[in-house]
Amino acid sequence: MEAAPRRRIVFWRHGRTDWNAAGRFQGQTDIPLNDEGHRQAALAARRLASLGPDAIVSSDLARTRSTADTLASVTGLPVSVDAGLRETNAGQWQGHTFDAIRAMDPDALHLWEEGDVHTRAGGAETRLDVAARVHHAVDRALGDVPADGTLVVVSHGGAIRVGLAHLLGLPHGLWGALSGLSNCSWSILEERRPAGDGTLRWRLGEHNAGTLPVPVTLEEG
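The structure contained in this document is the topic of the report that follows. Just so we're clear, the structure is a prediction, and the values are computed from it rather than from any experiment.

This paragraph deals with the sheet that holds strand β6 (residues 202–209). Pairing within the open sheet is mixed, and its 6 strands lie in the order β3-β2-β4-β1-β5-β6. Looking at strand neighbours, the two that pair on one side only are β3 (79–81) and β6, the edges of this open sheet. Each strand of the sheet is rotated relative to its neighbour by a mean of 20°, with strand direction disregarded. One ladder, built from 3 bridges, connects strand β2 (residues 55–58) with β3; its direction is parallel. When the bridges of β3 are listed, V57 appears paired with S80. Across the face of the sheet, helix α2 (residues 35–49) comes into contact with β1 (8–13) and β5 (186–191) while running at roughly 170° to β1.

Quick look at the nonpolar core now. Of all hydrophobic cores here, the largest spans 27 residues; its most connected members are I9, F11, L151 and V153. At the level of elements, β1, β2, α6 (127–142), β4 (150–155) and α7 (157–167) are the ones that each hand at least two residues to this core. No other element matches the 7 residues that α6 contributes to this core. Once you skip the residues sitting within four places of it in the chain, F11 turns out to touch V134, V138, V153, I160, L164, L167, L181, S185, W186, S187 and L189. Residues V10, A41, L77 and W186 belong to the second largest nonpolar core, which totals 18 residues.

About the cut-offs
Counting restarts for each chain, with residues numbered from 1 along the sequence as it is written. Only residues with pLDDT of at least 70 get local features here, since the model is predicted, and only at 80 or more are side-chain atom pairs given and counted; chain-wide, interface and lining totals rely on the full set of residues. With hydrogens and water stripped out, all remaining heavy atoms of the structure feed into the side-chain values. Two strands form a pair only when DSSP identifies at least two bridges running between them. Where helices and strands are cited, they refer to DSSP runs of H or I of at least four residues and of E of at least two residues respectively, numbered from the N terminus. The axes used here are C-alpha line fits, helices contributing only the stretch in contact, and every angle between their N-to-C directions lies in the interval 0 to 180 degrees. The contact definition used throughout considers only heavy atoms, calling two residues in contact when any of these lie within 4.5 Å. Take the buried residues of types Ala, Val, Leu, Ile, Met, Phe, Trp, Tyr and Cys, join any two whose side-chain atoms come within 4.5 Å, and each joined set is a nonpolar core. We call a residue buried when its accessible area falls under 20% of the maximum for its residue type, exposed when it is over 50%, and partly exposed in between, using a 1.4 Å probe and counting protein chains only.

This is the structure in C-alpha coordinates:
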(Lines give C-alpha, C1' and ligand atoms only; values in the text may rest on other atoms or scores of the structure.)
Protein backbone atom coordinates (compact mmCIF):
# COMPACT_ATOMS: atom_id res chain seq x y z
CA MET A 1 0.00 0.00 0.00
CA GLU A 2 1.36 3.41 -0.98
CA ALA A 3 2.11 5.87 1.80
CA ALA A 4 -0.19 8.87 2.03
CA PRO A 5 1.35 12.09 0.67
CA ARG A 6 2.97 14.28 3.31
CA ARG A 7 3.83 17.95 3.33
CA ARG A 8 7.19 19.34 4.37
CA ILE A 9 8.18 22.72 5.82
CA VAL A 10 11.71 24.06 5.38
CA PHE A 11 12.47 26.80 7.92
CA TRP A 12 15.37 28.81 6.50
CA ARG A 13 17.22 31.48 8.47
CA HIS A 14 18.39 34.59 6.65
CA GLY A 15 22.01 35.26 5.72
CA ARG A 16 24.55 37.15 7.78
CA THR A 17 24.29 40.86 8.59
CA ASP A 18 26.74 43.34 10.08
CA TRP A 19 24.80 43.20 13.35
CA ASN A 20 25.13 39.40 13.38
CA ALA A 21 28.86 39.83 12.96
CA ALA A 22 28.98 42.35 15.82
CA GLY A 23 26.85 40.18 18.14
CA ARG A 24 24.00 42.70 18.37
CA PHE A 25 20.42 41.69 19.14
CA GLN A 26 18.64 42.63 15.92
CA GLY A 27 15.06 41.82 16.85
CA GLN A 28 12.77 43.67 14.47
CA THR A 29 15.32 46.33 13.51
CA ASP A 30 15.48 46.22 9.72
CA ILE A 31 19.15 45.42 9.07
CA PRO A 32 20.13 44.30 5.52
CA LEU A 33 22.34 41.40 4.52
CA ASN A 34 26.04 42.13 4.17
CA ASP A 35 28.21 40.76 1.37
CA GLU A 36 28.79 37.49 3.23
CA GLY A 37 25.05 37.13 3.81
CA HIS A 38 24.32 37.49 0.10
CA ARG A 39 26.99 34.88 -0.66
CA GLN A 40 25.53 32.48 1.91
CA ALA A 41 22.02 32.94 0.52
CA ALA A 42 23.10 32.27 -3.06
CA LEU A 43 24.89 29.06 -2.08
CA ALA A 44 22.05 27.77 0.12
CA ALA A 45 19.40 28.65 -2.48
CA ARG A 46 20.98 26.36 -5.04
CA ARG A 47 20.85 23.50 -2.56
CA LEU A 48 17.30 24.15 -1.39
CA ALA A 49 16.04 24.46 -4.97
CA SER A 50 16.84 20.77 -5.45
CA LEU A 51 14.11 19.95 -2.89
CA GLY A 52 11.54 21.17 -5.40
CA PRO A 53 9.73 23.73 -3.21
CA ASP A 54 6.14 24.59 -4.09
CA ALA A 55 5.84 27.89 -2.22
CA ILE A 56 8.03 30.47 -0.46
CA VAL A 57 6.87 32.74 2.35
CA SER A 58 9.10 35.29 4.05
CA SER A 59 9.20 37.70 6.93
CA ASP A 60 8.82 41.25 5.64
CA LEU A 61 12.19 42.45 6.96
CA ALA A 62 14.93 43.23 4.44
CA ARG A 63 17.35 40.49 5.48
CA THR A 64 14.75 37.76 5.02
CA ARG A 65 13.27 39.25 1.86
CA SER A 66 16.72 39.35 0.22
CA THR A 67 17.39 35.76 1.29
CA ALA A 68 14.02 34.59 -0.04
CA ASP A 69 14.57 36.43 -3.33
CA THR A 70 17.70 34.36 -4.03
CA LEU A 71 15.63 31.16 -3.89
CA ALA A 72 12.89 32.77 -5.96
CA SER A 73 15.42 33.65 -8.67
CA VAL A 74 16.53 30.01 -8.88
CA THR A 75 13.08 28.37 -8.70
CA GLY A 76 10.92 30.96 -10.46
CA LEU A 77 8.48 30.91 -7.51
CA PRO A 78 6.93 34.11 -6.17
CA VAL A 79 7.63 35.16 -2.59
CA SER A 80 4.69 35.77 -0.26
CA VAL A 81 5.36 38.13 2.64
CA ASP A 82 3.95 37.73 6.14
CA ALA A 83 4.92 40.01 9.03
CA GLY A 84 3.97 37.19 11.40
CA LEU A 85 7.34 35.63 10.58
CA ARG A 86 9.34 38.56 11.97
CA GLU A 87 11.98 38.10 14.63
CA THR A 88 11.15 38.70 18.30
CA ASN A 89 10.32 42.29 19.17
CA ALA A 90 13.04 42.74 21.79
CA GLY A 91 12.14 46.27 22.88
CA GLN A 92 14.97 48.06 24.63
CA TRP A 93 17.40 45.19 23.96
CA GLN A 94 17.43 45.77 20.21
CA GLY A 95 20.71 47.10 18.87
CA HIS A 96 22.72 46.15 21.95
CA THR A 97 25.30 43.40 22.29
CA PHE A 98 24.50 40.59 24.67
CA ASP A 99 27.24 41.78 27.03
CA ALA A 100 25.55 45.18 27.19
CA ILE A 101 22.12 43.60 27.74
CA ARG A 102 23.56 41.40 30.49
CA ALA A 103 24.88 44.52 32.23
CA MET A 104 21.59 46.41 32.11
CA ASP A 105 19.05 43.57 32.51
CA PRO A 106 20.87 40.48 33.84
CA ASP A 107 17.96 38.64 35.47
CA ALA A 108 15.61 38.92 32.50
CA LEU A 109 18.33 37.98 30.02
CA HIS A 110 19.25 34.92 32.09
CA LEU A 111 15.64 33.72 32.08
CA TRP A 112 15.28 34.42 28.37
CA GLU A 113 18.52 32.58 27.50
CA GLU A 114 17.35 29.60 29.56
CA GLY A 115 14.28 29.39 27.34
CA ASP A 116 11.68 30.80 29.72
CA VAL A 117 8.54 31.28 27.61
CA HIS A 118 7.02 34.05 29.75
CA THR A 119 9.96 36.49 29.90
CA ARG A 120 9.47 39.60 27.77
CA ALA A 121 12.59 40.30 25.70
CA GLY A 122 13.51 43.91 26.42
CA GLY A 123 10.04 44.41 27.87
CA ALA A 124 8.30 43.48 24.60
CA GLU A 125 7.46 39.99 23.27
CA THR A 126 7.58 36.64 25.03
CA ARG A 127 8.54 33.40 23.31
CA LEU A 128 4.87 32.38 23.49
CA ASP A 129 3.88 35.54 21.61
CA VAL A 130 6.39 34.85 18.84
CA ALA A 131 5.53 31.15 18.56
CA ALA A 132 1.81 31.90 18.20
CA ARG A 133 2.24 34.38 15.35
CA VAL A 134 4.76 32.15 13.54
CA HIS A 135 2.29 29.26 13.78
CA HIS A 136 -0.52 31.40 12.35
CA ALA A 137 1.72 32.57 9.49
CA VAL A 138 2.69 28.98 8.65
CA ASP A 139 -0.95 27.90 8.69
CA ARG A 140 -1.82 30.70 6.27
CA ALA A 141 0.99 29.73 3.90
CA LEU A 142 0.18 26.00 4.00
CA GLY A 143 -3.12 26.74 2.31
CA ASP A 144 -1.21 27.17 -0.96
CA VAL A 145 0.82 23.94 -0.64
CA PRO A 146 -0.33 20.61 -2.16
CA ALA A 147 -0.73 17.48 -0.06
CA ASP A 148 2.78 16.27 -0.95
CA GLY A 149 4.32 19.72 -1.31
CA THR A 150 7.17 21.65 0.28
CA LEU A 151 6.84 25.10 1.85
CA VAL A 152 9.96 27.20 2.44
CA VAL A 153 9.57 29.62 5.36
CA VAL A 154 12.27 32.31 5.42
CA SER A 155 12.51 33.77 8.89
CA HIS A 156 14.85 34.55 11.79
CA GLY A 157 16.82 32.47 14.27
CA GLY A 158 14.72 33.14 17.36
CA ALA A 159 11.38 33.03 15.55
CA ILE A 160 12.24 29.73 13.88
CA ARG A 161 13.44 28.17 17.10
CA VAL A 162 10.23 28.86 19.04
CA GLY A 163 8.08 28.15 16.00
CA LEU A 164 9.62 24.70 15.73
CA ALA A 165 9.15 24.00 19.43
CA HIS A 166 5.51 25.05 19.25
CA LEU A 167 4.69 23.09 16.09
CA LEU A 168 6.40 19.99 17.50
CA GLY A 169 4.29 20.25 20.64
CA LEU A 170 7.28 20.35 23.00
CA PRO A 171 6.48 21.11 26.65
CA HIS A 172 7.42 24.70 27.50
CA GLY A 173 10.17 23.54 29.83
CA LEU A 174 11.93 21.82 26.93
CA TRP A 175 11.91 24.70 24.43
CA GLY A 176 15.42 25.62 25.50
CA ALA A 177 16.65 22.17 24.41
CA LEU A 178 16.46 23.21 20.74
CA SER A 179 19.56 24.98 19.48
CA GLY A 180 19.35 28.05 17.31
CA LEU A 181 20.16 28.12 13.60
CA SER A 182 23.31 29.43 11.96
CA ASN A 183 22.92 32.05 9.24
CA CYS A 184 21.40 30.52 6.10
CA SER A 185 20.99 27.10 7.70
CA TRP A 186 17.61 25.39 7.81
CA SER A 187 15.42 22.94 9.69
CA ILE A 188 12.81 20.65 8.16
CA LEU A 189 9.49 19.53 9.59
CA GLU A 190 7.75 16.54 8.04
CA GLU A 191 4.01 16.02 8.33
CA ARG A 192 2.88 13.08 10.43
CA ARG A 193 -0.45 11.30 10.27
CA PRO A 194 -3.14 13.50 11.83
CA ALA A 195 -4.12 12.71 15.40
CA GLY A 196 -7.46 11.09 16.10
CA ASP A 197 -8.91 14.55 16.73
CA GLY A 198 -7.65 15.78 13.34
CA THR A 199 -4.82 17.89 14.80
CA LEU A 200 -1.99 18.37 12.32
CA ARG A 201 1.27 16.99 13.72
CA TRP A 202 4.91 17.30 12.68
CA ARG A 203 8.24 15.60 13.26
CA LEU A 204 11.73 17.11 13.02
CA GLY A 205 13.60 15.69 10.02
CA GLU A 206 16.62 18.03 9.94
CA HIS A 207 17.83 20.78 12.29
CA ASN A 208 20.37 23.53 11.70
CA ALA A 209 21.44 21.84 8.46
CA GLY A 210 23.58 23.29 5.71
CA THR A 211 23.63 20.32 3.36
CA LEU A 212 20.84 18.39 1.68
CA PRO A 213 18.81 16.05 3.91
CA VAL A 214 19.43 12.32 3.83
CA PRO A 215 16.26 10.19 4.22
CA VAL A 216 16.06 7.99 7.31
CA THR A 217 15.51 4.41 6.16
CA LEU A 218 15.62 2.55 9.50
CA GLU A 219 13.99 3.35 12.81
CA GLU A 220 16.83 1.74 14.77
CA GLY A 221 20.32 0.44 14.25
